[in-house]
Amino acid sequence: RKQAEMEPDDVPQAEPAMEASQPQATLRKLRHELRLQGTREKLEDRWAILDLAQAVRTKFLLALEEVEVFKAFCEVFQTTRGEAHRKAIMFVVYELFMGERGECMKLGNRRTSCLKHFLLPVGSKIRGFSASERKVYVKAVEMWTRAQIMTPSEIESLKEAWDMD
């Protein structure tokens, strides 16, 4: 039949599985991008962290729930074995808070979601790092404290989770 002859009930509807696949594909892409941060090519690319932070700001945080984004960060961080790879993931988060005046993390519940679903859960892993590897994480907390991007209670929770003075 022609479009004009179709009844409202005859209009083809998108299948729910099709609609749900778009966010799932985007989430898979985010995980893939986070895993790529551990490749030699990305570790040697001085712009890789900034590029991924920009993609998180302009693509992933807009297309996905913030909880999903930061759970993906946590999942990849927890499963990676390379020290440089873990640092690269942390630097992406650091850039989200500190780059562009941290504007993207001020929207909605992004800051608290990042804290709850990434920064606090990885604390158990960070506690087990050597003193030399922990230096980067201590420095990040110091910078976040100075910049006052988190509340004092959030900083205290973070320091406790990461076992820092």
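First, a word on what this report is: a plain description of the structure on this page.

The rules behind each value
Residues numbered from 1 in each chain as written. Predicted model: local features only at pLDDT ≥ 70, side-chain atom pairs only at ≥ 80, totals over all residues. Heavy atoms only, no water. Helix = DSSP H or I, 4+ residues; strand = E, 2+ residues; numbered from the N terminus. Buried < 20%, exposed > 50% of the residue type's maximum accessible area, 1.4 Å probe, protein only. Contact = heavy atoms within 4.5 Å. Salt bridge = Lys/Arg side-chain N within 4 Å of Asp/Glu carboxyl O. Phe/Tyr/Trp six-rings, centres within 6.5 Å; stacked < 30°, edge-to-face > 60°. Axes fitted to C-alpha atoms, helices over the stretch in contact; angles between N-to-C directions. Parallel < 35°, antiparallel > 145°, perpendicular 65-115°, else oblique. Nonpolar A, V, L, I, M, F, W, Y, C, P; charged D, E, K, R; others polar. Expected span 1.5 Å × (residues − 1). Core = buried A, V, L, I, M, F, W, Y, C linked by side-chain atoms within 4.5 Å.

The next point concerns the side chain of glutamate 133. Summarising the element assignment, glutamate 133 is placed in helix H8 (residues 131-147). Of the residues examined, glutamate 133 reaches a relative accessible area of 6% and is grouped as buried. Setting aside anything within four residues of it in sequence, one finds glutamate 133 in contact with Glu83, Arg86 and Lys87.

By the definition in use, this model includes 10 salt bridges. One salt bridge connects glutamate 75 with arginine 31, and the closest N-O pair in it is separated by 3.2 Å. On the criterion of sequence distance, the pair formed by glutamate 75 in helix H4 (residues 66-79) and arginine 31 in helix H1 (residues 16-36) is long-range, its members being 44 residues apart. Here glutamate 100 makes a salt bridge to arginine 57, at a shortest N to O gap of 3.9 Å. Residue glutamate 100 is located in the loop between helix H5 (83-98) and helix H6 (110-119), and its partner arginine 57 is located in helix H3 (residues 48-63); the two are separated by 43 residues in the primary sequence. Of the residues examined, arginine 57 reaches a relative accessible area of 8% and is grouped as buried. Three or more residues are tied together by salt bridges with common partners; here these are Arg31, Arg35 and Glu75.

Looking now at the packing of aromatic side chains. If you walk through the whole model with that rule in mind, you get nine aromatic pairs. Between phenylalanine 70 and phenylalanine 73, the aromatic rings sit 5.9 Å apart at their centres with planes inclined by 35 degrees, giving tilted as the arrangement. Highlighted residues: phenylalanine 70 and phenylalanine 73, both in helix H4, separated by three residues, approximately one helical turn. Exposure class is identical for phenylalanine 70 and phenylalanine 73. Each is buried. Cluster of aromatic residues (ring-pair linked, three or more members): Phe70, Phe73, Phe77, Phe118, Phe129, Tyr137 and Trp162.

Our focus in this paragraph is the packing of H5 against H8. At a minimum axis separation of 11 Å, H5 and H8 run at an interaxial angle of 5 degrees. The angle between the axes of H5 and H8 places the two elements in the roughly parallel class. Facing H5, whose interface residues are Glu83, Arg86, Lys87, Met90, Phe91, Val93, Tyr94, Phe97 and Met98, H8 presents Glu133, Val136, Tyr137, Ala140, Met143, Trp144 and Ala147. Among the residues making up the contact of H5 with H8, the classes are represented as 12 nonpolar, no polar and four charged.

Moving on to H8. Taking 1.5 Å of rise per residue, the 17 residues of H8 would be expected to cover 24 Å, and the 24 Å separating its terminal C-alpha atoms lies within 8% of that figure. Among all positions of H8, only Glu133, Arg134, Val136, Tyr137, Ala140, Val141 and Trp144 are buried. Against the buried residues of H8 lie H4, H5, H6, helix H7 (123-127) and helix H9 (152-161). Count one or two residues on from H8 and you reach glutamine 148, which has phi positive near 55 degrees.

Before going further, it helps to examine the nonpolar core. Core analysis: the largest hydrophobic core is formed by 42 residues, its most contacted members being Leu30, Phe73, Phe118, Leu119, Trp144 and Trp162. Mapped by element, the contributors of at least two residues to this core are H1, H3, H4, H5, H6, H8 and H9. It is H4 that contributes the most residues to this core, seven residues altogether. Other than its neighbours up to four places away in sequence, tryptophan 144 contacts Met90, Val93, Tyr94, Phe97, Met98, Leu119, Ile149, Met150, Ile155, Leu158 and Trp162.

Another point: the environment of tryptophan 144. Its location among the elements puts tryptophan 144 in helix H8. Distance from tryptophan 144 to isoleucine 155, taken between C-alpha atoms, is 8.2 Å for residues 11 residues apart in sequence.

Take it as geometry only, folks, not as evidence of what the structure does.
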